[in-house]
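The primary structure of each chain is shown beneath.
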Amino acid sequence: MTNIKTRNINTQGLNARRKEKNMQFHQNGFHAGDPDIYKRAQNHKELTQDMPNEVDVLIVGSGPAGLTLAAQLSGHPDIVTRIVDLKPGPMEKGQADGISCRSMEMFQAFDFAEKVKREACWVNETSFWNPKPEKPSEIHRTGRIQDVEDGLSEMPHVILNQARVHDRYLEVMQNAPTRLVPHYSRKLIDLTLTEKEVSHPITVTLERIGSGYEGQFEKVRAQYVVGCDGARSSVRSAIGRELVGDKANQAWGVMDVLAETDFPDFRMKSLVKSESEGSIIFIPREGGHMVRVYIEMDKLANNERISRSRMSVEKLIDATNRVLNPYTINVKEVVWWSIYEVGHSVTDKFDNVPTKNIGTQLPRIFIAGDACHTHSAKAGQGMNVSMGDTFNLGWKLILVLQKRCNPKLLHTYSAERRTVAKDLIDFDHEWSRIIGAPPEPGTPLEETPKFQRYFIEHGRYTAGLSVKYTPSILTSHGDWQHLAPGFEVGTRFHSAPVTRLADAKLVQLGHTIKADARWRLYAFAGAGSPASPQSDIQKLCNFLGTSLDSPLQKFTPKEMDSNRVIDVMAVFQQSHRDLDIGAMPDFLRPKVGLLQLTDYEKMFCPDHAAGDIYTMRGINREGGCIVIVRPDQHIANVLPIDGFKELSSFFEGFLIAPLTKSIPNEFSG
Ligand SMILES: Cc1cc2nc3c(=O)[nH]c(=O)nc-3n(C[C@H](O)[C@H](O)[C@H](O)COP(=O)(O)OP(=O)(O)OC[C@H]3O[C@@H](n4cnc5c(N)ncnc54)[C@H](O)[C@@H]3O)c2cc1C
């Protein structure tokens, strides 16, 4: 029996223990200074402005997609990565600003979610405004809803300037063992892939931009190129792919302003529909004063573009005032404004391999983000889906380049992410139609307007949490899903609160997943004492730690820490005070780093105050289960706790036995 009643819970202490910055460092010896700054990798000198002749991965474009990829790769000194952009330096303002709960979960894996939480504006509620039935020329509030449903994610939906998100990634890269920084003022102008069997089959020509560099070009050979170069992607054109879809562009005016108004929901995300002046969306921004306003403009004809010279920010402000009637807005400063024109389109594939050649050819060139899908800003997905693309691709490239995974796994990138993009286009199409449609005439006051209903119904989608990867070599069919229905195979690992056994710290289990290309295996113990040698958890640990069929034995190079490829953690049903850590399997206290110190952070118990993880996720208490999680936080498989054969064969589907001695220790302090 757990001893929860007798626990003397001090709420202040509880909250202090719940505030986590879950870091491990001093693993390879004492390392003075800021633990967020990793030791520079041996042989990694300061990057110079010169481009090397050969790289493993060349990323084109330093927007959210490119930086998410670069940040992952920067932790791997054995992979030569470069990222180029035609711009002269980092972005300062503008473009996207919505950060979904899912992206925040991903930021946690990069260890900067806390910083974003502090600086960003949190979207807590969304309000809806429509024409007054008795006086349609004026708007009134028709509804107000909680923005993110309870229990959907431990992370909030927030708003922050895209430029600040870029800054966080740039910081991760700069502090990484490779000290990676983008090479700015370089434009990709040509890309060729040779069919010959050579190690670096892609040749890229870059043009130097800026005074003093006129007429200068550089040639770089790469093993892989990833085009994160936006909606007019040159990489996409070079591989002969096209954005296909709704050709008619939709134009939205967008402005970030500091303003005074009598509109009561100015600090609330508000969707406002007027009788005949169109729609606007208000998005409160970071800092407590700035607000973003999206103003719907006319739909454009095929290939027509809005002339920026005919448009002015004054016209956008006037339009906002017309929609807001009877309220007014007095703009004191325009921080940034733009006309954002987009259609709904997606490319047929996100890599260079024609569908008919999938069985015979391996992908070498990829496209990600706006380069392969465009859609409106209304659903706030632009930056999120783009980052999601390269979070999916990054670990696959790392494992393939380190010869730990079969390169055929790279095919799954296009297959998985194109489905996500296609769903987004369909959603956005419908959402744009509903927002753009004139108010439904005669809607009774008590009836929820359609756009409000649609918004509520799709809350999970806009939070970025409905992505579900379908079965492949990486994702099982979910034959044992009933053992843990709350960990749905294919979806992202839905974190839950737990107590760390060794030090009673209250943490989120999902935050043990870092953007370090490792697989995670969570063993949820069944009923009975985990201290008993006959317990299911002890048997599993014996198998993992000693059997020749164990994926850890097969796929981890001998010289490396046992958890470097697959990181195993256990969760018990008992309260942490009822378990003796010394009686738990040694395997769950692995020795790590140069000094082979004990890692005490692999065992967890329920956090009874916040909710029991077994109940929250429906985990089978009698038999327990195993949950296998991909490096991008998506659930790959749920297995019985004694499903040793299934466990082995799952990893055999894509991991390969090590040829090389060891993999550098990346982000271990
Ligand atoms: C003007 C503008 C306004 C936007 N406004 C909004 C908005 O209000 N709300 C919203 O949700 N989304 C908005 N977006 C879209 C949002 O910013 C994107 O969805 C998101 O940035 C996509 O990220 P990405 O990394 O795929 O591409 P991008 O952010 O577009 O980054 C592409 C990068 O590639 C670089 N590049 C392009 N070609 C080359 C080349 N040949 N060689 C080298 N580098 C190259 C570019 O300089 C750029 O830095 C806007 C986009 C633009 C361009």
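This is a predicted model, so every value here is computed, not measured. (Residues numbered from 1 in each chain as written. Predicted model: local features only at pLDDT ≥ 70, side-chain atom pairs only at ≥ 80, totals over all residues.)

Notes on the overall build of the protein
Piece 1. Counting its secondary structure elements, the protein contains 15 helices and 26 strands.
Piece 2. In terms of its C-alpha atoms, the protein occupies a principal-axis envelope of roughly 75 × 70 × 50 Å.
Piece 3. Burial analysis of the protein (669 residues in total) assigns 48% to the buried set. (Helix = DSSP H or I, 4+ residues; strand = E, 2+ residues; numbered from the N terminus. Buried ≥ 20, exposed ≤ 12 C-beta atoms within 10 Å, placed from the backbone.)

Section: the sheet that holds strand 4 (residues 121-122)
Piece 1. As summarised here, the arrangement of the three strands in space is 3-7-4, forming an open sheet in which the pairing is antiparallel. Lying at the two open borders of the sheet, with one neighbouring strand each, are strand 3 (98-99) and strand 4.
Piece 2. The pairing of strand 4 with strand 7 (residues 158-159) spans two bridges and is antiparallel. Residue pairing in the sheet places Cys121 in a bridge with Ile159 of strand 7. (Pairing = 2+ DSSP bridges.)

Side note on the site of the ligand
Piece 1. The immediate surroundings of the ligand are formed by 32 residues, with Gly61, Gly63, Gly230, Gly369 and Gly382 found nearest.
Piece 2. Among the residues making up the shell around the ligand, the classes are represented as 13 nonpolar, 14 polar and five charged. (Near = placed C-beta within 6 Å. Nonpolar A, V, L, I, M, F, W, Y, C, P; charged D, E, K, R; others polar.)

A few points about the environment of Leu474
Piece 1. Among the structural elements, Leu474 can be located in the loop between helix 11 (459-462) and strand 18 (497-500).
Piece 2. A count of 22 C-beta atoms within 10 Å places Leu474 in the buried class.
Piece 3. The spacing of Leu474 and Glu416 is 58 residues in sequence and 10 Å in space, taken between C-alpha atoms.

Here we look at helix 8 (residues 382-401)
Piece 1. The end-to-end C-alpha separation of helix 8 is 29 Å, in line with the 28 Å expected for 20 residues at 1.5 Å each.
Piece 2. Of all 20 residues in helix 8, 20 are buried, a share of seventy percent or more.
Piece 3. Phi turns positive, to about 55°, at Lys403, one or two residues after helix 8. (Expected span 1.5 Å × (residues − 1).)

Points about the domain arrangement of the protein
Piece 1. Entries for the protein in the domain assignment read domain 1 (11-21 + 468-652), domain 2 (36-122 + 153-246 + 336-466) and domain 3 (123-152 + 247-335).
Piece 2. Between the C-alpha centres of domain 2 and domain 3 the distance comes to 28 Å.
Piece 3. Taken residue by residue, the interface counts 41 residues in domain 2 and 44 residues in domain 3.
Piece 4. Among the elements of the structure, strand 4, strand 7, strand 15 (329-346), helix 9 (411-436), helix 10 (450-457) and helix 11 are those that each provide at least two residues to the side of domain 2 that touches domain 3.
Piece 5. By residue number, the principal contributor to the side of domain 2 that touches domain 3 is strand 15, which donates eight residues.
Piece 6. In the side of domain 2 that touches domain 3, the residues fall into 23 nonpolar, eleven polar and seven charged. (Domains from an automatic or database assignment. Contact = placed C-beta atoms within 7 Å.)

Considerations on unusual backbone geometry
Piece 1. Geometrically, the link from Asn325 to Pro326 is a cis peptide bond, its omega value of 20° lying close to zero.
Piece 2. In this structure, Pro326 sits in the loop between helix 7 (313-324) and strand 15.
Piece 3. Phi is positive for Gln596, which is not a glycine, with a value near 50°.
Piece 4. Overall, Gln596 belongs to the exposed group, with 10 C-beta atoms counted inside 10 Å.

With respect to the sheet that holds strand 25 (residues 625-629)
Piece 1. With mixed pairing, the seven strands of this open sheet are ordered in space as 19-18-24-21-20-25-26. Edge positions in the sheet fall to strand 19 (506-508) and strand 26 (635-639), since each of these pairs with one other strand and no more. In this sheet, adjacent strand axes meet at a mean angle of 30° when their direction is disregarded.
Piece 2. Sheet analysis places strand 18 next to strand 24 (residues 603-606), joined by three bridges and oriented antiparallel. Within the sheet, the bridge partner assigned to Thr499 lies in strand 24 and is Cys605. (Axes fitted to C-alpha atoms, helices over the stretch in contact; angles between N-to-C directions.)

Details of the pairing of strand 9 (residues 202-208)
Piece 1. In this sheet, strand 9 lies alongside strand 8 (residues 186-193) in antiparallel orientation, the contact comprising seven bridges. Each bridged residue has a counterpart across the sheet, and for Leu191 the counterpart in strand 9 is Val204.
Piece 2. Relative to strand 10 (residues 217-227), strand 9 runs antiparallel, the two being bridged by six bridges. In the strand pairing of strand 10, Glu207 is matched with Phe217.

Side note on helix 15 (residues 644-652)
Piece 1. Along helix 15, the positions that sit buried rather than exposed are Phe644, Leu647, Phe650 and Phe651. Buried positions in helix 15, seen along its axis, are confined to an arc of 130° and lie on one side of it. Of the residues in helix 15, the exposed ones pointing more than 90 degrees away from the buried face are Lys645 and Ser649.
Piece 2. The inward-facing, buried residues of helix 15 contact helix 12 (536-546), helix 13 (551-555), strand 25 and strand 26. (Arc of directions from axis to C-beta.)

Quick word on the packing of helix 2 (residues 64-73) against helix 5 (residues 162-175)
Piece 1. Across the interface, helix 2 lies against helix 5 with an axial gap of 9 Å and an inter-helix angle of 20°. Taken together, helix 2 and helix 5 sit at an angle that is classed as roughly parallel. Pair helix 2 / helix 5 crosses with left-handed handedness. On the side of helix 2, the interface is formed by Pro64, Leu67, Thr68, Ala70 and Ala71, while helix 5 contributes Gln162, Val165, His166, Tyr169, Leu170, Val172 and Met173. (Parallel < 35°, antiparallel > 145°, perpendicular 65-115°, else oblique. Left-handed = near helix turned anticlockwise from the far one by under 90°.)

Section: the environment of Asn175
Piece 1. By the secondary structure assignment, Asn175 is in helix 5.
Piece 2. Look past the residues within four positions of Asn175 in its chain and what remains in contact with it is Asp36, Ile37 and Tyr38.

Quick look at the packing of helix 2 against helix 8
Piece 1. Where helix 2 contacts helix 8, the axes come no closer than 8 Å and their chain directions differ by 30°. With respect to helix 8, the element helix 2 is oriented roughly parallel. For the pair helix 2 and helix 8, the sense of crossing is right-handed. Contacts between helix 2 and helix 8 pair Pro64, Ala65, Thr68, Leu69, Gln72 and Leu73 from the former with Met383, Ser386, Met387, Asp389, Thr390, Phe391, Leu393, Gly394, Trp395 and Ile398 from the latter.

Some points on the pairing of strand 20 (residues 519-524)
Remember that side chains alternate between the two faces of the sheet whenever the strand is regular.
Piece 1. Summarising burial for strand 20: six of the six residues are buried, a large majority.
Piece 2. Relative to strand 21 (residues 566-571), strand 20 is paired through six bridges, and the arrangement is parallel. If you follow Tyr522 over to strand 21, its bridge partner there is Met569.
Piece 3. With five bridges joining them, strand 20 and strand 25 adopt antiparallel strand pairing. Within strand 25, the residue paired with Phe524 across the bridge is Cys625.

Some remarks on the confidence of the model for the protein
Piece 1. Summarising the model, the protein shows a mean pLDDT of 89, and 90% of its residues fall at 70 or more.
Piece 2. Note on residues 1-16: pLDDT under 50 across the span, and twelve contacts to partners over four residues away in sequence or across chains.
Piece 3. Ignoring residues within four places in sequence, the model shows residues 665-669, a span with pLDDT below 50, making 19 contacts including any to other chains. (pLDDT = per-residue confidence, 0-100.)

Looking at the environment of Met387
Piece 1. Summarising the element assignment, Met387 is placed in helix 8.
Piece 2. We classify Met387 as buried; it has 29 C-beta atoms within 10 Å.
Piece 3. C-alpha separation for the pair Met387 and His411, spaced 24 residues apart in sequence, amounts to 18 Å.
Piece 4. Met387 has contacts with Pro64, Ala65, Thr68, Ser103 and Met106, leaving out every residue within four places of it along the chain.

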